[in-house]
Amino acid sequence: WGLSVVQNAGSDNAHCLLAFPDPDGRMPRQGDIRVYAFDKPNSVQLLGEIPNATQWGPATVTVSQHRELLVRQTDKHNKSSLACYDIRNGQLQETRQTTAEGMVETSLRAEVTRSDDEPIYLNTSHLGQLQAWTWSGELIWELPLAGSYIASISAADWNDDGKAELFITTAHDILNVYSIN
């Protein structure tokens, strides 16, 4: 089952297909994600597997000037973590992991870069808050979302440029960010 197609992933800037094996003929919610690279026209190469994982927001996030795969994994003790995987020299390598509660309890909506070039990660809490987190789990800020039955809109200056950004969540669990001048 195809999970996602990713372009320019990892240090190799690989074009990849993320897929679940098909043991029962149905799409699993979580499992061993196989990572395939399109290495030549009409050819794919299996780079490796990410064990007991699922996609958790955007397929990639920025790490050290390149995009790395982002997944949520569960270990044998049912403990969840977010992990980043680099593709370097044709190999799949885990580069970092966080078990910060705010990062693993709800899927990430977006990654944004602050004025100091450090990324922050946005999610929406079960209490209807738009939250900004660091990778280590520090809550930078949270804003109440307003809207209809499902909280859907908020505004703030998240990157300290003196201009407001409008955050809008859609029914399909997508976050749109608009800059307001």
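Look a little higher up for the structure.
Cut-off values and rules
Residues numbered from 1 in each chain as written. Predicted model: local features only at pLDDT ≥ 70, side-chain atom pairs only at ≥ 80, totals over all residues. Heavy atoms only, no water. Helix = DSSP H or I, 4+ residues; strand = E, 2+ residues; numbered from the N terminus. Buried < 20%, exposed > 50% of the residue type's maximum accessible area, 1.4 Å probe, protein only. Contact = heavy atoms within 4.5 Å. Pairing = 2+ DSSP bridges. Axes fitted to C-alpha atoms, helices over the stretch in contact; angles between N-to-C directions. Phe/Tyr/Trp six-rings, centres within 6.5 Å; stacked < 30°, edge-to-face > 60°. Lys NZ or Arg CZ within 6 Å of the ring centre and 35° of its normal.

Chemist: What is the right way to look at the environment of Trp135 in this model?
Modeler: Position of Trp135 relative to the elements: it lies in the loop between strand S10 (129–133) and strand S11 (139–144). Trp135 sits in the buried class, given a relative accessible area of 12%. C-alpha of Trp135 to C-alpha of Gln97: the two residues are 38 residues apart in sequence and 8.6 Å apart in space. For Trp135, the contacting residues outside a window of four places in its chain are Leu70, Leu82, Ala83, Cys84, Arg96, Gln97, Thr98, Ala100, Met103 and Tyr121.

Chemist: Looking at this structure, I do not really get the sheet that holds S11. What am I missing?
Modeler: One key point about sheets: their strands pair by backbone hydrogen bonds, in either a parallel or an antiparallel sense. One open sheet accounts for four strands, arranged S8-S9-S10-S11; its pairing is antiparallel. The sheet is open, and its two borders are formed by strand S8 (110–113) and S11, each paired with just one other strand. Neighbouring strand axes in the sheet, compared pairwise and without regard to direction, differ in orientation by 25° on average. In terms of strand pairing, strand S9 (residues 119–124) meets S10 through four bridges, oriented antiparallel. Residue Thr124 lies in a different strand from S10, and its bridge partner there is Leu130.

Chemist: Mind showing me how you'd approach the packing of aromatic side chains here?
Modeler: Aromatic rings in a pair are described by how distant their centres are and how their planes are angled relative to each other. Evaluation of the coordinates by the stated rule reveals one aromatic pair. Between the aromatic rings of Tyr121 and Trp135, the centroid separation amounts to 5.8 Å while the plane-to-plane angle is 65°, which identifies the pairing as edge-to-face. Residue Tyr121 is found in strand S9, and its partner Trp135 is found in the loop between S10 and S11; the two are separated by 14 residues along the sequence. Sitting over the ring of Trp56, Arg72 keeps its end group 4.3 Å from the ring centre. Its end group placed over the ring of Trp135, Arg96 keeps NZ or CZ at 3.9 Å from the ring centre.

So yeah, pure geometry; function would need other evidence.
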